[in-house]
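Here's the letter readout for the chains.
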Amino acid sequence: KTVISVIDDSFDCMHSAFSAVPSQVKYNQDMLNNIFSAVSFNTETSYTMSDLYKNGKVIFAYDYADRDNDTYCSGKNHGTNVAGTAAGNNGKNDKNAFLGTAYNAQLALMKVCSDSTDSFTDDSVIAALDDSVKIGADVINCSFTSDGELRNTQLFESIYQRISQSGTYIAA
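Since we're looking at a predicted model, the values are computed, not measured.

(A) Seen up close, the packing of aromatic side chains. For the structure shown, the criterion picks out five aromatic pairs. With a centroid separation of 5.1 Å and 35° between ring planes, the pair formed by F36 and F41 is classed as tilted. On the basis of relative accessible area, F41 is assigned to the buried category, the value being 8%. The rings of F36, F41 and F60 are connected pair by pair, giving a single aromatic cluster.

(B) Representation of the sheet that holds strand β5 (residues 169–171). Across the sheet, five strands lie side by side as β2-β3-β1-β4-β5; this open sheet has parallel pairing. On the outer flanks of this sheet lie β2 (58–63) and β5, each paired with one strand and no other. Across this sheet, the average inter-strand angle for adjacent strands is 15°, counted without regard to direction. Bridge count between strand β1 (residues 3–8) and strand β3 (residues 106–111): six bridges; the pairing is parallel.

(C) Structural detail: helix α3 (residues 78–87). Counting buried residues in α3 gives seven out of 10 residues, a clear majority hidden from the surface. Residues of α3 that are buried include every one of G79, T80, V82, A83, G84, A86 and A87, and no others. Looking at the packing, one finds that the buried side of α3 touches β1, β3 and β4 (139–141).

(D) Here's a closer look at the nonpolar core. If you look at the biggest cluster of nonpolar residues, it comprises 33 residues, and the most contacted ones within it are I7, L32, F60, Y64, V112 and L129. Among the elements of the structure, β1, α1 (29–38), α2 (49–52), β2, β3, α4 (122–134) and α5 (153–166) are those that each provide at least two residues to this core. Among the elements that take part in this core, α4 stands out by supplying six residues, more than any other. Residues contacting F60, with those up to four places away along its chain left out, are F41, T43, M49, L52, L107, A108, L109, M110, D131 and I135. V58, A83, A86 and A87 belong to the second largest nonpolar core, which has 15 residues in total.

(E) Layout of α1. Taken together, the buried positions of α1 are L32, I35 and F36. For α1, the arc enclosing every buried residue in end-on projection is 100°, short of the 170-degree limit, so these residues lie on one face. Among the exposed residues of α1, those oriented more than 90 degrees off its buried face are D30, N34, S37 and A38. Those residues of α1 that are buried lie in contact with α2, β2 and α4.

(F) Up close: the pattern of salt bridges. Within this structure, the stated rule accounts for nine salt bridges. Here D130 ties to R162 by a salt bridge, and the two come within 2.1 Å at their closest N and O atoms. Here D130, found in helix α4, pairs with R162, found in helix α5; they are 32 residues apart in sequence, far enough to count as distant. Residue class for D130 comes out buried when judged on its relative accessible area of 14%. Overall, R162 belongs to the partly exposed group, its relative accessible area being 31%. One continuous salt-bridge network, built from bridges that share partners, spans D63, D66, K111 and D115.

(G) Region of the structure containing the side chain of S114. You can see S114 is positioned in the loop between β3 and α4. Reaching out from S114, the side chain makes a polar contact with the backbone nitrogen of T117 at a distance of 3.4 Å. Setting aside anything within four residues of it in sequence, one finds S114 in contact with A65, D66, K76 and S119.

(H) Layout of the packing of α4 against α5. One way to put it is that α4 packs onto α5 with a least axis distance of 10 Å and a crossing angle of 15°. The angle between α4 and α5 falls in the class roughly parallel. Where α4 crosses over α5, the handedness of that crossing is left-handed. Residues D122, V125, I126, L129, D130, V133 and K134 of α4 form the contact with α5, whose participating residues are L155, F156, I159, Y160, R162, I163 and S166. Split by residue class, the contact of α4 with α5 holds nine nonpolar, one polar and four charged.

Thresholds applied
- Residues numbered from 1 in each chain as written.
- Predicted model: local features only at pLDDT ≥ 70, side-chain atom pairs only at ≥ 80, totals over all residues.
- Heavy atoms only, no water.
- Phe/Tyr/Trp six-rings, centres within 6.5 Å; stacked < 30°, edge-to-face > 60°.
- Buried < 20%, exposed > 50% of the residue type's maximum accessible area, 1.4 Å probe, protein only.
- Pairing = 2+ DSSP bridges.
- Helix = DSSP H or I, 4+ residues; strand = E, 2+ residues; numbered from the N terminus.
- Axes fitted to C-alpha atoms, helices over the stretch in contact; angles between N-to-C directions.
- Contact = heavy atoms within 4.5 Å.
- Core = buried A, V, L, I, M, F, W, Y, C linked by side-chain atoms within 4.5 Å.
- Arc of directions from axis to C-beta.
- Salt bridge = Lys/Arg side-chain N within 4 Å of Asp/Glu carboxyl O.
- Polar contact = N/O pair within 3.5 Å; in protein donor to acceptor, adjacent residues only side chain to side chain.
- Parallel < 35°, antiparallel > 145°, perpendicular 65-115°, else oblique.
- Left-handed = near helix turned anticlockwise from the far one by under 90°.
- Nonpolar A, V, L, I, M, F, W, Y, C, P; charged D, E, K, R; others polar.

Shape is all these values report; function is a separate question.
Take a look at the structure:
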């Protein structure tokens, strides 16, 4: 029962690698609704957990850069590839089977790269890291790249300390 948060450029939540729901899950939609009701997430207030929950595999998907629930940007596939490698499972048991490393894990997909500027900001990355802890991610992957530069080192030190205290493992 593991949740992996992937913070990256773009995610195709409808990709077949995210179609098989694990038999044992850390969170179902009702549990996430309770968390979302009790904790203030860094999403637009007009969104409910039902807007952000895709299925039992992709339990949370949000675009922190563009402030919407559309996590896909045509031409960008690094995030989808990383999430698939981490936890993909297309549910097939034949020569077309695809299994990621932790194929029974659930995913929280957090897009931080803007569709229009092709870059990320401190605010979007910090919000995604913060929500990863709030959602109870066991692992956070931050393998995104950009021409941008993370500047607010004091805020990053604070959020990394919070991540460490939560027991969450972060991979960059």
